[in-house]
Amino acid sequence: MILDTDLTGLHCPDPLRHAFAAKTSAHAGRSALGHFEPEDAQRQWNSIMEQEASPQMRLAYFHIPFCRTHCSYCGFFQNASKVDAIEKYVGYLEREIELTGKGTYVQSQPINAVYFGGGTPTDLTADQIRRLGKAIKAHLNVADDVEMTFESRFNGLDDDKIAAAIEVGFNRVSLGLQTFDTFIRRKMSRIDTKEFLLERLDHLCAQGNVSTVVDLIYGLPYQTVDHWLEDINLISNQTASHGVDLYQLVMMGFTRMAQQVEKGSMPAPGDTAFKATLFKLGVENMIANGWDRLSISHWGRKSADGRILERNIYNHQTKAGSEIIPFGCGGGGKVNGHSVMLHRNLEPYYAMIDAGKKPMMAMMHVDPELATNRALGAAFDLGRLNFNTFDTAAGADISRHCMPLFEAWQKNGLAELDEHNLNLTLAGQFWNVTMNQALNNYLDRYPFEDVAA
Ligand SMILES: C[S@@+](CC[C@H](N)C(=O)[O-])C[C@H]1O[C@@H](n2cnc3c(N)ncnc32)[C@H](O)[C@@H]1O
Ligand code: SF4
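How each quantity is defined
- Residues numbered from 1 in each chain as written.
- Chains lettered and ligands numbered in written order.
- Predicted model: local features only at pLDDT ≥ 70, side-chain atom pairs only at ≥ 80, totals over all residues.
- Heavy atoms only, no water.
- Phe/Tyr/Trp six-rings, centres within 6.5 Å; stacked < 30°, edge-to-face > 60°.
- Lys NZ or Arg CZ within 6 Å of the ring centre and 35° of its normal.
- Axes fitted to C-alpha atoms, helices over the stretch in contact; angles between N-to-C directions.
- Helix = DSSP H or I, 4+ residues; strand = E, 2+ residues; numbered from the N terminus.
- Parallel < 35°, antiparallel > 145°, perpendicular 65-115°, else oblique.
- Left-handed = near helix turned anticlockwise from the far one by under 90°.
- Contact = heavy atoms within 4.5 Å.
- Buried < 20%, exposed > 50% of the residue type's maximum accessible area, 1.4 Å probe, protein only.
- Near = heavy atom within 4 Å.
- Polar contact = N/O pair within 3.5 Å; in protein donor to acceptor, adjacent residues only side chain to side chain.
- Areas by Shrake-Rupley, 256 points an atom, 1.4 Å probe, with all protein chains shown as cover.
- Nonpolar A, V, L, I, M, F, W, Y, C, P; charged D, E, K, R; others polar.
- Core = buried A, V, L, I, M, F, W, Y, C linked by side-chain atoms within 4.5 Å.
- Domains from an automatic or database assignment.

Caption draft 1: Spotlight on the packing of aromatic side chains. All chains considered together, the criterion is met by 21 aromatic pairs. Between the NZ or CZ atom of Arg58 and the centre of the ring of Tyr105, over which it lies, the distance is 4.8 Å. If you follow Arg95 out to its NZ or CZ, it ends over the ring of Tyr92, 4.7 Å from the centre.

Rendered as structure tokens:
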């Protein structure tokens, strides 16, 4: 079998920097699945809600589609924050929680991780955070040891909001820090200074039972190796943060940053080879600073008094394709194997809740490769594919079927094979999303027939 280099990567002296062309999306995916017509989608949703759910890890996502500012690199902005608009939205979200909570499917198994994202939940008031937290406790079946994440910007996350979030059960705050460098931050419309960020992190880390996690981005315009090493040094040694995500900048064509670069009013961000260098330095320096690696891009460490607060449940389980019950305008999830998108525009979202319906925009048919994709999503997030786990999930001998690609990756310096596992090398870790996608494409081109099934 001769495999194309879009699957295997190039055989070259420096696979970390040059095995593939640039990363173009944040997640691997299979070709688009067919979707239900709107009325059928509603019927399908209602019928799922009448069933008992099977026991498995499950998550709930709540989308807050408002931001006060539009950060230039970000493709997640939906609506400008306005006091009245947010108040109206919170009332509808409470109603959606109550409505959804009536489903047997929702009640029959506990929710292991709750995630408030956006947009930004930061633009909720303390009172609105309390109301939503209470609605969740009143109407949903939340596990006793649930991980509850409040995703936030630094700007506007005042002491009252933090206290309200903790009061209603949030035990994890995930902050978009991106970089400490004040100049670069301001170029991206992130106005707060390095000193302010350090002061807020001190306050958050002193909250006892709350895991404080920050996102850092590498490959930003203006960012040098020194900036990147300083970011890692500061988060490691000047804060008590419990978790860190190191994300590669994905330049999305429709963002303001992309337009500024196009016009020449902002320097182009580092190319893929430079990002690969920053990735390598990131891994080396996180290890040198004593962080534990929880996944390829996520790092954790114990709190000052020796407790493990950072569990990274939600982020890893979304990669592993776990069930996610979605809430809120623009929220997305996975229910009984069906991908679900809720309305992205506020008016239809409100109208459907007024009509007593789940405010769905689209529901997809169950992916016939769901089990395979779930196993691969989990494995590529962690950087190791165990053959036994893969075969159990996706069909006896599927690992052997994929072996020609695994061997090509080994030859090209992207992975190492042992008797039981495919282990990604540092180069493979950098290209993990591309490799996951390449394996999806391989399985499309060379379908696996599970003779045992
Ligand atoms: C959905 S955003 C929401 C963050 C939060 N609203 C805030 O303002 O910090 C979550 C994270 O995605 C990451 N992100 C956003 N745009 C990105 C991009 N273009 N490339 C890489 N990471 C990005 C950032 O690290 C960000 O903190
Ligand atoms: S980074 Fe956060 S606050 Fe900024 S535009 Fe994106 S979602 Fe909104």
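Resuming the write-up.
Caption draft 2: The packing of helix H4 (residues 83-100) against helix H14 (residues 346-354), seen in detail. Running from amino to carboxyl end, H4 crosses H14 at an angle of 40°, the nearest separation of the two axes being 10 Å. Comparing their axes, H14 and H4 come out oblique. Note on packing geometry: the crossing formed by H4 with H14 is left-handed. Contacts from Ala85, Lys88, Tyr89, Tyr92, Leu93, Arg95 and Glu96 of H4 reach H14 at Leu346, Glu347, Tyr349, Tyr350, Ile353 and Asp354.

Caption draft 3: Quick peek at unusual backbone geometry. Across the junction of Gly118 and Gly119, the peptide omega takes the value 25°, indicating a cis bond. Backbone geometry at Asn312 places phi at a positive 60°, although glycine is not the residue there. Turning to its location among the elements, Asn312 is positioned in the loop between strand E10 (298-300) and helix H13 (313-319). The phi torsion at Asp397 lies on the positive side, around 85°, for a residue other than glycine. In this structure, Asp397 sits in the loop between helix H16 (387-394) and helix H17 (398-411). With a relative accessible area of 37%, Asp397 lands in the partly exposed category.

Caption draft 4: Examining the site of ligand 1 more closely. Not every one of the 18 residues close to ligand 1 is listed here, only the nearest: Gly119, Gln178, Arg190, Asp215 and Val250. Within the backbone of Tyr73, an N or O atom sits 3.1 Å from a nitrogen atom of ligand 1. Take Gln178: an N or O atom from its side chain is 2.8 Å from an oxygen atom of ligand 1. Surface burial for ligand 1 is 89%, taken as the share of its 570 Å² of free accessible area covered by protein chains. Contributions of two or more residues to the shell around ligand 1 are made by strand E5 (142-152), strand E6 (172-178), strand E7 (211-218) and strand E8 (243-248). Here the residues of the shell around ligand 1 sort into seven nonpolar, seven polar and four charged.

Caption draft 5: The arrangement of the nonpolar core in detail. Membership of the largest hydrophobic core comes to 108 residues, with the highest contact counts inside it found for Phe116 and Trp409. Looking at which domains feed residues into this core, each of domain 1 (5-29 + 383-445) and domain 2 (38-318) supplies at least three. In terms of nonpolar packing, the next biggest core, distinct from the first, is built from 10 residues, Cys74, Ile184, Ile217 and Leu220 among them.

That is the geometry; function is a separate question.
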